[in-house]
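Here are the chains, one letter per residue:
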Amino acid sequence: MFKINAMDVIGPQPNIFITYLNTGTLLDIALGTPAKCKNNYVFNGGLSNILGIGGRSQTYKSTIADSIVARVASIYPDVQVLIFDSENSKPGLKRYNDFALFNMDLTDRIRLFDTTTDDLNSIYEKIKAIVEYKKKHEKELLIETPFLDKDGKNIKIMLPTICLIDSFTVAKVNSEIENIEKSQLDSSDLNTLWMKSGKNKTIFMRQIVQYARSASIYFILTAHIGENKDLNASPYMPIRKQMQFMSQKDRLKDVGSQFEFLTNSFFYTNSPTILTSGSGNNKECYYPSIFNNAVELNKVELTITRNKVNISGILVPMIISQFEGIVDPLVYVEYLKDHCDKVNDVFTQKGANMSTFIYPDVSFTRNTIREKSKKDYKLTKALEICAQFK
């Protein structure tokens, strides 16, 4: 009796694997999954090939995106970054050094462009030039990851490049800008402007999907969220959600028709809460630091809305400093305070004093955690491990 395998006619299974880039935050767990390595498993999570970040105005989506860029570039010292600031809001590269880990200077590895020099089309041409260069020099740019392919060999990828477009909503091609400049603001010639803009961005999205995988380019696209209005819906029917775990009232603005389909992972930022103590004129930062600013810190809940390798719908807290970006120790402390029993747990709190189960000899308070964690790396690591357990 013959053993017939119809799959033989199409060849063997190719090696298909997305290598994520660690961010050093809880997003590595939320947006990842364990992957097989030589002698164990390593969590493969964090920045996917195409990450979407949505949010309403002043919910710190740009600060979070900039912080992720700086952190990934700090963890992987050969990674280079292309940034398109379509809102002309970034003052320069110093911000990325402020957000970097290990006091690293990232300025030589970042190229920042805005609408005074480029439009979305010219940024697209820059991306294509990077892709062509990387493919031409693929052998020199190949690096080995700890992850194994189907044959048990270490998977190799090209040296990653990060591309941040902040924001994708506002980004335009020159032809759209010229149409606006040639017309009156109330001209009927502009009626189809958003339709054309959506078409351009949909084409852009479909192309970068190929570039992301073939040339190890990691895209971060931020998007504005506005009111969700369905003009064709019955007034007696609820408005349809754009994505399952998005609020019914929210809708992504001007990002093309396939943004929510072609992002590997997507989260949106919810209303931030200022972390202060005291009242009236005596308010101060809840976790004091050298910045001495009462409104420096905000707690922002990230809702994981699209996640191809882990669960969607979960909330990930982030503590955002307007001076330092994501503040790891405070993220872990706030998360543990929300998820632990305070007694006989991996994290305990007795009065003002807090400590961890795996580093019990070092205690801290909300007034000392930032200073102590900067001087004692073990404390930050202990908090990180405990947060991962929970």
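As the structure is a prediction and not an experimental result, all values here were calculated from the model.

Re the pairing of strand 9 (residues 217-227)
Across the 11 residues that make up strand 9, a large majority, 10, are buried. Sheet analysis places strand 3 (residues 50-55) next to strand 9, joined by six bridges and oriented parallel. Bridge pairing links Gly55 to His224 in strand 9. As paired elements, strand 8 (residues 161-166) and strand 9 share five bridges and run parallel to each other. Bridged to Thr161 within strand 9 is Ile217. In this structure, strand 9 lies alongside strand 10 (residues 250-252), joined through three bridges in antiparallel fashion. Bridging from a neighbouring strand, Gly226 pairs with Arg251 of strand 10.

Examining the packing of aromatic side chains
Here the structure, examined in full by the defined rule, presents eight aromatic pairs. Consider the rings of Phe17 and Phe147, whose centres lie 5.3 Å apart with planes at 40°: the pair is tilted. With a gap of 130 residues between them, Phe17 in the segment before helix 1 (27-30) and Phe147 in strand 6 (residues 142-148) connect regions that are remote in the sequence. On the basis of relative accessible area, Phe147 is assigned to the buried category, the value being 6%. Aromatic rings pair up to connect Tyr124, Phe168, Phe204, Tyr211, Phe259 and Phe266 into one cluster.

So, the layout of surface pockets
Taken as a whole, the largest pocket holds about 1000 Å³ of empty space. Considering the residues around the largest pocket, the lining is formed by 30 residues, among which Arg71, Leu101, Phe102, Asp328 and Thr380 are closest to the centre. With five residues, the top contributor of residues to the lining of the largest pocket is helix 11 (residues 377-389). Residue classes in the lining of the largest pocket are distributed as 13 nonpolar, eight polar and nine charged. Around the second largest pocket, the lining is made up of 18 residues, and of these Phe17, Ile155, Lys156, Ile157 and Arg213 lie nearest the centre. Contributing elements (two or more residues each) for the lining of the second largest pocket: strand 7 (154-158) and helix 7 (193-215). With four residues, strand 7 is the single largest residue contributor to the lining of the second largest pocket.

Considerations on the pairing of strand 20 (residues 359-364)
Look at any regular strand and the pattern is simple: side chains alternate between the two faces of the sheet. Here strand 19 (residues 353-356) runs beside strand 20; their pairing, made up of two bridges, is antiparallel. Bridging across to strand 20, Met354 finds its partner in Phe364. Connecting strand 19 to the antiparallel partner strand 20 that follows it, the hairpin turn spans two residues.

Points about the sheet that holds strand 20
Strand pairs in the sheet, formed through backbone hydrogen bonds, run parallel or antiparallel to each other. Strands sit in the order 18-19-20 across an open sheet of three strands; the sheet is antiparallel. One side of each edge strand has no neighbouring strand; the edge strands of this open sheet are strand 18 (347-350) and strand 20. Each strand axis lies, on average, 25° off the axis of its neighbour in the sheet, ignoring direction. Against the sheet, helix 9 (residues 328-339) engages strand 18, strand 19 and strand 20, with an angle of about 80° to strand 18. Of the strands in this sheet, strand 18, strand 19 and strand 20 are in contact with helix 11, which crosses strand 20 at around 105°.

Some thoughts on unusual backbone geometry
A cis amide bond links Asp166 with the next residue in sequence, Ser167, at an omega value of 5°. Residue position: Ser167 is located in the loop between strand 8 and helix 6 (174-182). The phi torsion at Tyr60 lies on the positive side, around 70°, for a residue other than glycine. For Tyr60, the position within the fold is in the loop between strand 3 and helix 2 (61-75).

Regarding a nonpolar patch on the surface
A cluster of nonpolar side chains, contributed by Phe357, Ile358, Ile385 and Phe389, occupies part of the molecular surface with about 430 Å² of accessible area. Its location among the elements puts Phe389 in helix 11. Of the residues examined, Phe389 reaches a relative accessible area of 60% and is grouped as exposed.

With respect to the side chain of Ser74
Within the secondary structure, Ser74 is located in helix 2. Classification of Ser74 by relative accessible area gives buried; the value is 3%. Among the polar contacts listed, one links the side chain of Ser74 to the backbone oxygen of Ala70, at a separation of 2.6 Å. Those residues in contact with Ser74 that lie beyond four places of it in its chain are Ala100, Leu101, Phe102, Met104 and Leu106.

Quick notes on helix 4 (residues 120-136)
For helix 4, with 17 residues, the first-to-last C-alpha span of 24 Å sits near the 24 Å given by 1.5 Å per residue. When we look at burial in helix 4, the residues that qualify are Leu120, Ile123, Tyr124, Ile127, Val131 and Lys134. With its buried residues spanning 105° around the axis, helix 4 presents them on a single face. Away from its buried face by more than 90 degrees, helix 4 exposes Glu132, Tyr133 and Lys136.

About the thresholds
- Residues numbered from 1 in each chain as written.
- Predicted model: local features only at pLDDT ≥ 70, side-chain atom pairs only at ≥ 80, totals over all residues.
- Heavy atoms only, no water.
- Buried < 20%, exposed > 50% of the residue type's maximum accessible area, 1.4 Å probe, protein only.
- Helix = DSSP H or I, 4+ residues; strand = E, 2+ residues; numbered from the N terminus.
- Pairing = 2+ DSSP bridges.
- Phe/Tyr/Trp six-rings, centres within 6.5 Å; stacked < 30°, edge-to-face > 60°.
- 1 Å grid on protein atoms, 1.4 Å probe; cavity = no way out; pocket = protein on both sides within 12 Å on 5 of 7 lines; lining within 4 Å.
- Points joined across faces, edges and corners; volume = space filled by probe spheres on them.
- Nonpolar A, V, L, I, M, F, W, Y, C, P; charged D, E, K, R; others polar.
- Axes fitted to C-alpha atoms, helices over the stretch in contact; angles between N-to-C directions.
- Contact = heavy atoms within 4.5 Å.
- Patch = residues over 30% accessible without salt bridge, like charges linked within 9 Å, V, L, I, M, F, W, Y side chains within 5 Å.
- Areas by Shrake-Rupley, 256 points an atom, 1.4 Å probe, with all protein chains shown as cover.
- Salt bridge = Lys/Arg side-chain N within 4 Å of Asp/Glu carboxyl O.
- Polar contact = N/O pair within 3.5 Å; in protein donor to acceptor, adjacent residues only side chain to side chain.
- Expected span 1.5 Å × (residues − 1).
- Arc of directions from axis to C-beta.

By themselves, these observations are geometric and do not establish any function.
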